[in-house]
Each structure stands twice: as structure tokens, then as C-alpha cells.
Amino acid sequence: MATDRKDLDNLIYVSPRSWDRVAVDDANFAYESSRAKARFAHLMKAEDYKSLIDNQADDIEWIGHWAREFNAANYDVKDTVIDTLTKGYSDNDRLLIELCGGEKEDFAKMFILKNDYHNAKVIAKNFLLGQLNAQDAKRVLRVNESLFQEAANVEIESLVQWVLSYLNKDKSNSVLPDLHEKYFSMALERLLEEDAKTNEIDLAAVDINLDKAYYLHFLELAAEDKHKGYRDLLLDYISIQSDSSNLQSFYRCKKRKLTLEEFKRQFVAAGRIEFTDFAEKYQLDDEKINLGLKFNAKGSLVDSLLNLAESSSITEFLNEFTQVRDNLLIRLADKAEGLIYGAEVLFALWQANRVEITNLQLIHAAHQLGRSEEMTAKRLRDIYGGQLRV
């Protein structure tokens, strides 16, 4: 069982990678990626975004058009704009599963895994708030229907029953895949131990423990031989998320003047920047983030985050953080440009669709708040195939 990134590197003999890694064609995904390529034509271009920002009155009409183009089967004219776009993430996950088909479903499952952990968080938080018990499975499904991610590897009803049983100290309910049970158990056991020590409701602990389990679960899956052909993509993807999460936690903890021990509690050992690198810098006191935070990450996927950190105050950094992280992920998707076929093409479409949904949400919110066109454009994420310039 992998407990951190070093374990995984030793397990699969990974050599150090950098942003210079080149994606290559993979004939094993020829059929699946050819189906995906037809979908790239539907992605919005920079001029589409500019038109939408300039013409606020067309906001709802345009987003309805987008929904019909994206997945007409799941589009309901009665939905609000927010409902439509929120559904878009699940529609995009289902599209990835559909494009992969039965033979390549293991690839899709890697990117859907996070939804299982999201759903487990919803259930665990309801339990800690005393809103349900082991007999309340149907109720939690009904009350939290809008919060669950429907596209998941584990059926939601089965997950509800398992999590509730476990939190009620009944560990005989084995309905989950082995690795899900292993890592869910690890996270919930820690949660129960912390709850017993403090006797206080700590919803943040749910996120911390299940996030840690998610990253380790992902790493152990990535080490399996069936993922060998596209393992570098998986590790780049999880590195961006893990290093980004740790950088954000680092600066948030410093701003709140929390102890190094509290940062360590939040640290996820699945990226390239190690805890010792953070610990060396943690005691430095400077409102500016120019702390020499190059660590051992030179040439890695977190360079953009480090550059932002060095030029921003802590507050500015946290405000801009998610935008930079999303831009790193789309840069990873850009590696598929020029490929004829391969798993990276499927990832690129999936990530490009996610960015498109995020941008439409930002535009709609900006219209509702009356923000200027300049401010709206500044907040948008880069799009597939190059930076978004509106």
C-alpha cells in the first residue's frame, strides 16, 4: 500500500519528469480518441467568449444553446442557468465514460474517482452534524440529491449504506471495491479518532482526511500495470493537484498564523514538493511570498504557482490561486495537440469541457453582479489550444 509519493516512485521506477515531457500517439486508443476528436469542434473559441461578455442579454440564451450542443439528452428548459452548468460537470464525466466504452473504462475511472470521495464527504458531514444514522440511507439520498456527483465509480446508495455503517462502528458491510474500502476505511478511522479526542464537530477534518485518502488511492491505482501506457499523464495530473493543494494550504496556514503541525495535518504526500521543503520555509515571516520557494520543483508543473507566489501578497495569491491551477491543468491538456490518437486526447477533451463550464459560470456570475467586461475577462481560465484573449 502506497503511503506517499516516494513509495509510488519506488514501486514503478518513475524517473523525474518535467514540463518537457512530450505526449505520444497510442494506437490502443485509436477508436476512442477518434470519437473524441469530433467533439473538439464544439468547444468555444475566444471570439465566442468575447461575444458573450459583451452582450450580457444573451447570457441565458447562449448557455441554453451550449447545453443543447453539449448533451441535449440531459438538457431541461426548466433548469436555471446555474442548474444547467452544474449538471454540465456530471454530463462531461458521463461523456468520458461513454467515449472510453467497456474496454477502456479503467482510464475513465481514474478521473471519476474524485467524485466518489466528494460523495463520501457529503455523507460523512451529514453524519457528524447529527442529521442521520444508519437507518437514514434513503433520507440522505433524498435530502442531498443535488449535492451528489452522479457519475461515480461506486453507486451512491451503496456508498451511503457503507459510510453510515462504518461511522456507526459496523464494519461488516463490505459492498465496495477493495481499494475503495481500504482508503475510505483509513480516512474514516482517522476521522473517528480525531472526533473522539476533541469531542467537537470538525467538518474540515472530513475534507482533510478524505482528500488524503483520495490522493493515495489514485497513486496506488496508477501503479497498476493496466495504466502503464498513460501513467505519466496520470502522475502529472495528480502532481498538479497535490502540489497545488499543498501550496494553498501552506499560505493559508501562514496567513492564519497556524502552527507547522497544523499544516502537516493538511499536507498531502502525493506531489513533487516534499514536506521538509515546506517546513524549512514555514517559520519565515514575510507578508510577501517571496520566500525563495523554489524547493526542488525547478522545471516542474508548479512553476506558474511559484511565480505567482513570489509576486503576490498572501491574500492576492489565495484569490488568484484556483485560476492558476486550472490553467496548469489546461496546459497539461494542451499536450494532446497534434496527436492523432491516444489517452491524452480523451483527457484533453474532458479537461477542456470542464474549463468551458467554469468560464460560463464565471461569466454568468459576473453578469449577475454587474462586473465590468475587463474584470470578467481577467478572471476567465485559459482555453484548450492556447491562452484565452478576449
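This text follows the structure it describes.
Worth saying up front: this structure is predicted, and the values here are computed from it rather than measured. In every chain, residue numbers begin from 1 and rise along the written sequence. Selection of residues for local features in this predicted model requires a pLDDT of at least 70, selection of side-chain atom pairs for listing and counting requires 80 or more, and totals for whole chains, interfaces and linings are taken over all residues. Note that the side-chain values use all heavy atoms of the structure and ignore hydrogens as well as water.

### Side note on the layout of surface pockets
Right, so step 1: Both site types are read off a 1 Å grid over the protein atoms alone. A 1.4 Å probe that fits but cannot get out defines a cavity, while an open set with protein on both sides within 12 Å along at least five of seven lines defines a pocket; lining residues have an atom within 4 Å of a point. Grid points are joined across faces, edges and corners, and a volume is the space filled by probe spheres set on the points. Roughly 1700 Å³ of volume is contained in the largest pocket.
Right, so step 2: Taken together, 50 residues form the lining of the largest pocket, with Lys 114, His 118, Gln 149, Arg 325 and Arg 354 sitting closest to its centre.
Right, so step 3: In DSSP terms, a helix is any run of H or I states spanning at least four residues, a strand is any run of E spanning at least two, and both are numbered starting from the N terminus. Elements supplying a minimum of two residues to the lining of the largest pocket: α5 (81-100), α6 (105-128), α10 (203-222), α11 (231-255), α15 (314-334) and α16 (343-369).

### A look at the packing of α6 against α10
Axes are the key here: two packed helices are described by the angle between their axes and the distance separating the axes.
Right, so step 1: Axis geometry follows a simple rule: fit a line to the C-alpha atoms, using only the stretch in contact for helices, then measure angles between N-to-C directions, giving values from 0 to 180 degrees. Put simply, α6 and α10 touch, their axes get as near as 10 Å, and they point 155° apart. As far as their axial angle goes, α10 and α6 are roughly antiparallel. The way α6 lies across α10 gives a crossing that is right-handed. Across the interface between the two elements, Met 110, Leu 113, Lys 114, Tyr 117, Ala 120, Lys 121, Ala 124, Lys 125 and Leu 128 of α6 pack against Leu 203, Val 206, Asp 207, Leu 210, Asp 211, Ala 213, Tyr 214, His 217, Phe 218, Leu 221 and Ala 222 of α10. Relative orientations are named as follows: roughly parallel for angles under 35 degrees, roughly antiparallel for angles over 145 degrees, roughly perpendicular for angles from 65 to 115 degrees, and oblique for any other angle. Crossing handedness is read from the near helix: turned anticlockwise from the far helix by less than a right angle, it gives a left-handed crossing, and turned clockwise, a right-handed one. By definition, residues are in contact when any of their heavy atoms lie within 4.5 Å.

### Some thoughts on a nonpolar patch on the surface
Right, so step 1: Candidate patch residues must exceed 30% relative accessible area and have no salt bridge, after which like charges are joined if within 9 Å and Val, Leu, Ile, Met, Phe, Trp or Tyr side chains if within 5 Å. Accessible surface area values rest on a Shrake-Rupley calculation with a 1.4 Å probe, where residue burial reflects the displayed protein chains alone. Any Lys or Arg side-chain nitrogen located within 4 Å of an Asp or Glu carboxyl oxygen qualifies as a salt bridge. Together, Leu 129, Ile 201 and Leu 203 give the surface a local cluster of nonpolar side chains, amounting to about 250 Å² of exposed area.
Right, so step 2: Following the sequence through the fold, Ile 201 ends up in the loop between α9 (178-198) and α10.
Right, so step 3: In this scheme, a residue with accessible area under 20% of its type's maximum is buried, one over 50% is exposed, and one in between is partly exposed, where area comes from a 1.4 Å probe on protein chains only. Its relative accessible area of 52% is what places Ile 201 among the exposed residues.

### Considerations on the packing of α11 against helix α13 (residues 275-282)
Right, so step 1: Contact geometry of α11 with α13 gives a least axis separation of 12 Å together with a crossing angle of 25°. Considered as vectors, α11 and α13 are oriented roughly parallel to each other. As for the relative orientation of α11 and α13, their crossing is right-handed in sense. Residues Asn 246, Leu 247, Phe 250, Cys 253 and Lys 254 of α11 touch α13, and the partners they reach there are Phe 278, Lys 281 and Tyr 282.

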